[in-house]
Amino acid sequence: MQKFADFIIKRRWWVLAFWLVATVLIVSFSPKLSSVESNDQSSFIPKKYESIKALGVASQLSKRSMDASDLIVFKSKSGQPLNQTELAKIQSISTDLSSLHIKHVAAVTTSPQQIAPTRKAQLVTVTYSGNPDDTTTINAVKGVRTNVKKLTNGTTLVANTTGQESIGFDTQDASNRALKIVSLGTLLIVLILPAIIFRSPLAGLLPIVSIGIVDLIASSLIADAATLFDFKVNQQLSVIFTVVLYGIGTDYILFLLFRYRERLRSGDHTRGAAAFALSRAGLAILSAALVVLTSFAALFFASFGIFSSMAPGLVICVSVMMLAALTLIPAVVGIVGQKVFWPSKAWKSASMKPTFSKKIGGLVARRPGLVATSVILFLVILGSFAFGFRSDFSSFSKPPAGTQSSAGYNDLLKAFPAGVTDPAQIYVAGNMQLTQATLMPLQQKLTQTQGVAAVLPATIGPNGKVAVVPVILKDNPYSGTAIANVKGPIRDAAHSANVDGAKVYVGGTSSIFADIQAVSARDLRVLFPIAAVFILVILAVLLRSLVAPVFLLLGVGLGYLATLGATTLIFQHLGNDPGLIFFIPIFMYIFVVAIGTDYNILTVTRLREEIQAGRNPRKAADLTIEHSSATVASAGLILAATFGSLLLANISFLTQMGTAIALGVIISAFIIAPFLIPSISALVGYFMWWPGNKAARVAAKSKR
């Protein structure tokens, strides 16, 4: 590592030139990331699942069955039941909208059946032409809303457009705003906090400039990979790439700068100080990046497309960031030199006063058993709340607050059964001609099934061999109750109905989410052990120990449970949310375990360094905490704040995700790394480094 570091610092100008030229070339010849983004949940589920088979039948039914739709919810400004004049006006508006031939609008229809039982609302269905997830289809909502506003102007009616496309349109705007807000928040955090920590504006600019270059390259390479290998990236989750890059990138920069400052304080003010810092911090950076890489690579084994399609992007982000942290950033530090800490002069001399870190180190060295027991007990108590975890999909049904789709959604729920927003679709496909009579047993069975509010008339396809029976659910189609009913009694009833030997599939959003639950549960069982094995092997090789990696993973496991427990406590018990978004456990595992392990690795590599220098285990723990806890705390604070910036997006699942990962980082950086790992090391002693502990024992004896 020392030879590599010497080479990078010696050739620093060449390294910088290489990165700048590579950036220009890669960005110039790559498509934009937005061109490979998608929000289609069904496209991420394997084809063997029932909801996807149902979509296949839907495509045979008619071209219109695959098109997107919206609902215009009309009500009286008075809040009273609609009178005959208003009902006639709604019919007139529906006809006028249809005759306007709005771009990408295929049909506008209404009927007496779409009047609420209380007569306080009437629905008009807008059917769009094209794929529901295409931007052009979603943007057609704007044309519909503009014309509805004109047609209702001067009337006693209030109209709000809601439904699949309207929610998508408003969410698209909210996501774009969220990306700008989160990006700005992240930039400010990365700019301000390092500047405060080192009392230098240049220390704040270094991450912004260097990681900005990496962001440009990584985004372009992700788009290249998606185009080459034909996969899509979830639009709302692509904001994670930015947060990951700036989060881990700033961590790695801090690892290097703290070690560089420590070397300067020892009296080495030459370029060699930068090379020395890279040679020592480089091992921690390499180890941490490889652990993050392998954890993200485990996502390739996921069945759920959202996870597997994110794997290439995350792997690319971390790979480019790792290379930059080991080459570009040290080269810049080598060029700027001591001025990276300007105007502060604190780097010139080390304070002789006992620091808070030194006091903690002394406590851990004296009472490792007490410290370890206290930390483990705290994590176990916090982790006990994880057993109350419930998965939830309802945040997908919640339109962004303050939008027209939100107003329309609320009006609709007041007047109709919750399930009318998104009916389940029972598809029938056979070799014989289907009729209303042959479909009647299926309809009667569904009417008597748990969770069904109403069964609508069947629609038979042009060839007579394919049909669909719309089913209005009693509950919100995105709720856990509705999903459980679709997965259980409704599918059972549909499959057991005898329809002339035809195959019956339950489709619709609730069915899709039921299958997502199954896919996610499978991925949890598969990804956890795969990532754990990857991490164990890498740490064993890099630390040359079979024992230390095991203790690290146990500590990380405790941190994971404590994080899940804390998040469950905050949102389910204190916040009264119905549950946590379904992918939180996997994302927490991948991000908290992978990225949070950075701090454990920094701690354990410093422990190993002190042991190899001849210190006994307790002294090594003392010195490690004294010299590395400030680095860990600073990096953890920045990373937690970076993920915490997701709360600024004001989007439900991003709020949960940002909170969960920020909590995990705090637990790792402020509890596990500075307290648990060093205290365990002090208790276990030289056995922590078995089988490479013999040299450490000899070095310790020679120090006596």
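What this report covers is the structure whose coordinates are included nearby.

Describing the overall build of the protein chain
Okay, so step 1: Counting secondary structure elements, the protein chain contains 21 helices and 13 strands.
Okay, so step 2: Its C-alpha atoms give the protein chain principal-axis dimensions of about 95 × 45 × 45 Å.
Okay, so step 3: When contacts within the protein chain are restricted to residue pairs at least 6 apart in sequence, long-range pairs at least 24 apart make up 80% of them.
Okay, so step 4: Accessible area for the protein chain stands at about 29000 Å²; split by element, carbon and sulfur atoms hold 62% of it.

Overview of the packing of helix 5 (residues 135–152) against helix 6 (residues 164–198)
Okay, so step 1: Where helix 5 meets helix 6, the axes come as close as 9 Å, and the angle between the chain directions of the two elements is 100°. Here helix 6 runs roughly perpendicular to helix 5, going by the angle between their axes. On the side of helix 5, the interface is formed by Thr135, Thr137, Ile138, Asn139, Val141, Lys142 and Arg145, while helix 6 contributes Glu165, Ser166, Gly168, Phe169, Asp170 and Gln172.
Okay, so step 2: Its residues placed into classes, the contact of helix 5 with helix 6 shows three nonpolar, six polar and four charged.

Comments concerning the pairing of strand 8 (residues 424–429)
Okay, so step 1: Among the six residues of strand 8, six are classified as buried, and the element is accordingly described as predominantly covered.
Okay, so step 2: Side chains Ala424, Ile426 and Val428 of strand 8 all project onto a buried face; the interleaved residues Gln425, Tyr427 and Ala429 project onto the opposite face, where all are buried too.
Okay, so step 3: Of the pairings in the sheet, the one linking strand 8 to strand 11 (residues 466–473) comprises six bridges and is antiparallel in character. When the sheet's bridge partners are listed, Ala424 is paired in strand 11 with Val471.

Quick notes on the nonpolar core
A general trend in soluble globular proteins is that nonpolar side chains are found buried together.
Okay, so step 1: With 165 residues, the main nonpolar core has Tyr252, Phe296 and Phe591 as its most contacted residues.
Okay, so step 2: A total of 20 residues in this core trace back to one element, the largest contributor, which is helix 10 (residues 305–336).
Okay, so step 3: Those residues in contact with Tyr252 that lie beyond four places of it in its chain are Ile285, Ala288, Ala289, Val292, Met321, Ala325 and Asp598.
Okay, so step 4: In terms of nonpolar packing, the next biggest core, distinct from the first, is built from 23 residues, Ile426, Val428, Val469 and Ala494 among them.

So, the packing of aromatic side chains
Okay, so step 1: As enumerated under the stated definition, the model contains seven aromatic pairs in all.
Okay, so step 2: When the ring of Tyr478 is compared with that of Phe513, the centres are 5.6 Å apart and the planes differ by 55°; the resulting orientation is tilted. Of the two residues, Tyr478 sits in the loop between strand 11 and helix 15 (480–496) while Phe513 sits in helix 16 (residues 509–543), which places them 35 residues apart along the sequence.
Okay, so step 3: With relative accessibility at 3%, the residue Phe513 sits in the buried group.
Okay, so step 4: A connected cluster of aromatic rings, assembled from ring pairs, spans Phe198, Phe258, Tyr260 and Phe341.
Okay, so step 5: In this structure, Arg263 packs its charged tip against the face of Phe276, placed 3.9 Å from the ring centre.

Digging into unusual backbone geometry
What is expected of a backbone is that most residues other than glycine have negative phi and most peptide bonds are trans.
Okay, so step 1: Looking along the chain, the bond that leaves Trp342 and enters Pro343 is cis, with omega of 5°.
Okay, so step 2: Mapped onto the fold, Pro343 is located in the loop between helix 10 and helix 11 (356–366).
Okay, so step 3: A cis geometry characterises the amide bond from Trp690 onward to Pro691, with omega recorded as 5°.
Okay, so step 4: Tracing the chain through its elements places Pro691 in the loop between helix 20 (652–684) and helix 21 (694–703).
Okay, so step 5: If you check the backbone angles, His101 has positive phi at about 50° while not being a glycine.
Okay, so step 6: Phi at Arg119 is positive, roughly 65°, even though this residue is not glycine.
Okay, so step 7: Mapping Arg119 onto the fold places it in the loop between strand 3 (105–109) and strand 4 (122–128).
Okay, so step 8: According to the relative accessible area criterion, Arg119 is partly exposed, its value standing at 32%.

Some points on the sheet that holds strand 2 (residues 69–76)
Okay, so step 1: Strand order in the open sheet formed by four strands is 3-4-2-5, with antiparallel pairing between adjacent strands. Strand pairing shows two members of the sheet lacking a second neighbour, strand 3 and strand 5 (157–162), which therefore form its edges. Here the strands of the sheet are splayed against their neighbours by 20° on average, with no regard to which way each runs.
Okay, so step 2: Where helix 13 (residues 404–415) meets the sheet, its contacts fall on strand 2, strand 4 and strand 5, and the angle it forms with strand 5 comes to roughly 110°.

Looking at the packing of helix 9 (residues 272–297) against helix 16
Okay, so step 1: Two elements in contact, helix 9 and helix 16, have axes separated by 9 Å at closest approach and are oriented at 160°. In terms of orientation, helix 9 lies roughly antiparallel with respect to helix 16. For helix 9 against helix 16, the interelement crossing comes out right-handed. Of the residues in helix 16, those touching helix 9 at Ser287, Leu290, Val291, Thr294 and Ser295 are Ala531, Phe534, Ile535, Ile538, Leu539 and Leu542.
Okay, so step 2: When grouped by side-chain class, the residues that make up the contact of helix 9 with helix 16 number eight nonpolar, three polar and no charged.

Examining the pairing of strand 11
Along any regular strand, the residues point their side chains to alternate faces of the sheet.
Okay, so step 1: Within strand 11, eight of the eight residues are buried, which leaves the element mostly enclosed by the surrounding structure.
Okay, so step 2: Alternating positions in strand 11 separate into two faces, Val466, Val468, Pro470 and Ile472 on one and Ala467, Val469, Val471 and Leu473 on the other, with burial throughout.
Okay, so step 3: Pairing geometry for strand 9 (residues 452–455) and strand 11, over three bridges, is antiparallel. Within the sheet, the bridge partner assigned to Val452 lies in strand 11 and is Leu473.
Okay, so step 4: Sheet topology note: the strand 10 (residues 459–460)/strand 11 ladder contains two bridges and is antiparallel. The residue bridging Ile460 from the neighbouring strand is Ala467, located in strand 11.
Okay, so step 5: The loop that links strand 10 with its antiparallel partner strand 11 comprises five residues; one of these, Gly464, has a positive phi angle of about 75°.

Conventions we followed
- Residues numbered from 1 in each chain as written.
- Predicted model: local features only at pLDDT ≥ 70, side-chain atom pairs only at ≥ 80, totals over all residues.
- Heavy atoms only, no water.
- Helix = DSSP H or I, 4+ residues; strand = E, 2+ residues; numbered from the N terminus.
- Contact = heavy atoms within 4.5 Å.
- Areas by Shrake-Rupley, 256 points an atom, 1.4 Å probe, with all protein chains shown as cover.
- Axes fitted to C-alpha atoms, helices over the stretch in contact; angles between N-to-C directions.
- Parallel < 35°, antiparallel > 145°, perpendicular 65-115°, else oblique.
- Nonpolar A, V, L, I, M, F, W, Y, C, P; charged D, E, K, R; others polar.
- Buried < 20%, exposed > 50% of the residue type's maximum accessible area, 1.4 Å probe, protein only.
- Pairing = 2+ DSSP bridges.
- Core = buried A, V, L, I, M, F, W, Y, C linked by side-chain atoms within 4.5 Å.
- Phe/Tyr/Trp six-rings, centres within 6.5 Å; stacked < 30°, edge-to-face > 60°.
- Lys NZ or Arg CZ within 6 Å of the ring centre and 35° of its normal.
- Left-handed = near helix turned anticlockwise from the far one by under 90°.

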